[in-house]
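What follows is the residue order along each chain.
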Amino acid sequence: MGLKPFPAGLNALPASGFVALSLVGEEDTLDMATMDGLAKTLGASSEARLARFSHAPRRAQSLRVRLMAKAVTQKVDPTLEFVEVPPESPRLEGEKETIYTSLAHTVGVVGAALSIKSETAPQGRLFLDCEVMRPKTPAQLTRLLSFMAEGLFLEPFKAFADNHNEDETLAFFYSLWGAYECCVKANHRYGLSMTERFIPRVVEEKGRVLIQGWDKVRRVALPLSLLTIPQGEHTVLVSVLDTVEGASPPPLYVVSTLL
C-alpha cells in the first residue's frame, strides 16, 4: 500500500473503497471565525457537531477531514451531504449513493476511509487510524498496552520486546495500537457482540499483527494494511482495516492541502 496522487477525475467509488490523506502541517492556523464559516458549508448536522469542540486544534482537524472527504466524493455524487452519527464517523448521503466514512487525524495528518454498502459490508468496509509514532520508554509502552483490550497484547508484546531493538519494538507497539483502534471502530459501527467482534491477534514469532473475527460461528482473518509517512520531525503510522475477508489493500491517495 503506497501513496498516490488523488485522481481528479474520480467519478465512481471503487467497490473496495479508498483512503484519502491530507498533510496539513504540524500547527493549524485556522482561527475560530474561519472555522465557523467553513463549517456552515458542510451542512447543519456537521456544523452542530463541530461547534461542540472547545479545543481549537481538534476542531480544526475535524473540520479539515470533513472538507477533504466531501471534496474527494463530489464527482461521485454532487448531492452528498454529511449525516452525523456521534460518536461514530459521519455518513455522506446523497440521491445516488450513501458513503460510509472512517475519519482519523493526528499531528499534521487528516485521513478518511470511504466505502459503500455491500452485501458483505452493510455499514461500509474500511476503518482507519492514524498515530504519531512518538518514542516511549518500555515502562510507558507496557502501561499503555495494559489499558488496551484488558491487556490483550501484553504478553506477546513483552516476548517481542525481549528479542528486538527499540525501533522495532516501537513500530510493533504502534501496529498493535492501530489494529486495536480500527477494530474498536468496526465493532462499534457494526454493533457486534462479544462473541462476534473483530479482535487483533499477534501471530508468528516475527510479531505480525492479524485481525481475527467471527461471522456468526465462522472465524475469519481480515486484512490489515500499514503505512508509515514522514511528517516533519515525526513519523505517522496509517492503519487500515478491511472487514471483507481476503481483500487486497484499498487505494490510498494523498490530497493536496485544501486550505
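Just above sits the structure.
Reading the values: the criteria
- Residues numbered from 1 in each chain as written.
- Predicted model: local features only at pLDDT ≥ 70, side-chain atom pairs only at ≥ 80, totals over all residues.
- Heavy atoms only, no water.
- Helix = DSSP H or I, 4+ residues; strand = E, 2+ residues; numbered from the N terminus.
- Buried < 20%, exposed > 50% of the residue type's maximum accessible area, 1.4 Å probe, protein only.
- Contact = heavy atoms within 4.5 Å.
- Core = buried A, V, L, I, M, F, W, Y, C linked by side-chain atoms within 4.5 Å.
- 1 Å grid on protein atoms, 1.4 Å probe; cavity = no way out; pocket = protein on both sides within 12 Å on 5 of 7 lines; lining within 4 Å.
- Points joined across faces, edges and corners; volume = space filled by probe spheres on them.
- Nonpolar A, V, L, I, M, F, W, Y, C, P; charged D, E, K, R; others polar.
- Pairing = 2+ DSSP bridges.
- Axes fitted to C-alpha atoms, helices over the stretch in contact; angles between N-to-C directions.
- Polar contact = N/O pair within 3.5 Å; in protein donor to acceptor, adjacent residues only side chain to side chain.

### Re the overall build of the protein
The helix and strand inventory of the protein stands at 6 helices and 13 strands. By the burial criterion, 46% of the 259 residues in the protein qualify as buried. Within the protein, residue pairs in contact and separated by at least 24 positions form 63% of the contacts whose partners lie at least 6 positions apart.

### Details of the nonpolar core
Ranked by internal contacts, the top residues of the largest apolar core, which has 29 residues, are Phe-18, Leu-63, Met-68, Val-72, Ile-99, Ala-112 and Leu-114. Elements that contribute at least two residues to this core include exactly strand E2 (18-25), helix H1 (32-40), helix H3 (56-73), strand E5 (98-106), strand E6 (108-116) and strand E13 (252-255). Sort the elements by how many residues they give to this core and H3 lands first, with 7 residues.

### Considering the layout of surface pockets
Taken as a whole, the largest pocket holds about 580 Å³ of empty space. Contributing to the lining of the largest pocket are 22 residues, with Arg-58, Pro-87, Ser-89, Leu-103 and Lys-185 lying nearest its centre. Of all elements in the fold, only H3, E5, strand E7 (126-132) and helix H6 (166-190) reach the threshold of two or more residues within the lining of the largest pocket. A per-element tally of the lining of the largest pocket places E5 first, with 5 residues. Here the lining of the largest pocket is composed, by residue class, of 8 nonpolar, 6 polar and 8 charged.

### Thoughts on the sheet that holds strand E12 (residues 234-242)
Taken in spatial order, the 3 strands of this open sheet run E7-E12-E11, and their pairing is antiparallel. Of all strands in the sheet, those bounded by a partner on one side alone are E7 and strand E11 (224-231). For this sheet, the mean inter-axis angle between neighbouring strands, taken without regard to orientation, is 20°. Examined bridge by bridge, E11 and E12 share 8 bridges and lie antiparallel to one another. Bridge assignment links Gln-231 to a residue of E12, and that residue is His-234. Here H6 sits on the sheet in contact with E7, E11 and E12, set at roughly 145° to E7.

### Focus: the pairing of E5
Counting buried positions along E5 yields 7 of 9 residues, so the element is predominantly enclosed. Note: strand E4 (residues 91-93) against E5, 3 bridges, orientation antiparallel. Paired with Leu-92 across the two strands is Ile-99, which belongs to E5. Taken together, E4 and the strand that follows it, E5, pair antiparallel across an intervening segment of 4 residues.

### Here's the deal with the side chain of Ser-22
Structurally, Ser-22 is set in strand E2. Among the polar contacts made by the side chain of Ser-22, one reaches the main-chain carbonyl oxygen of Val-255 at a distance of 3.4 Å.

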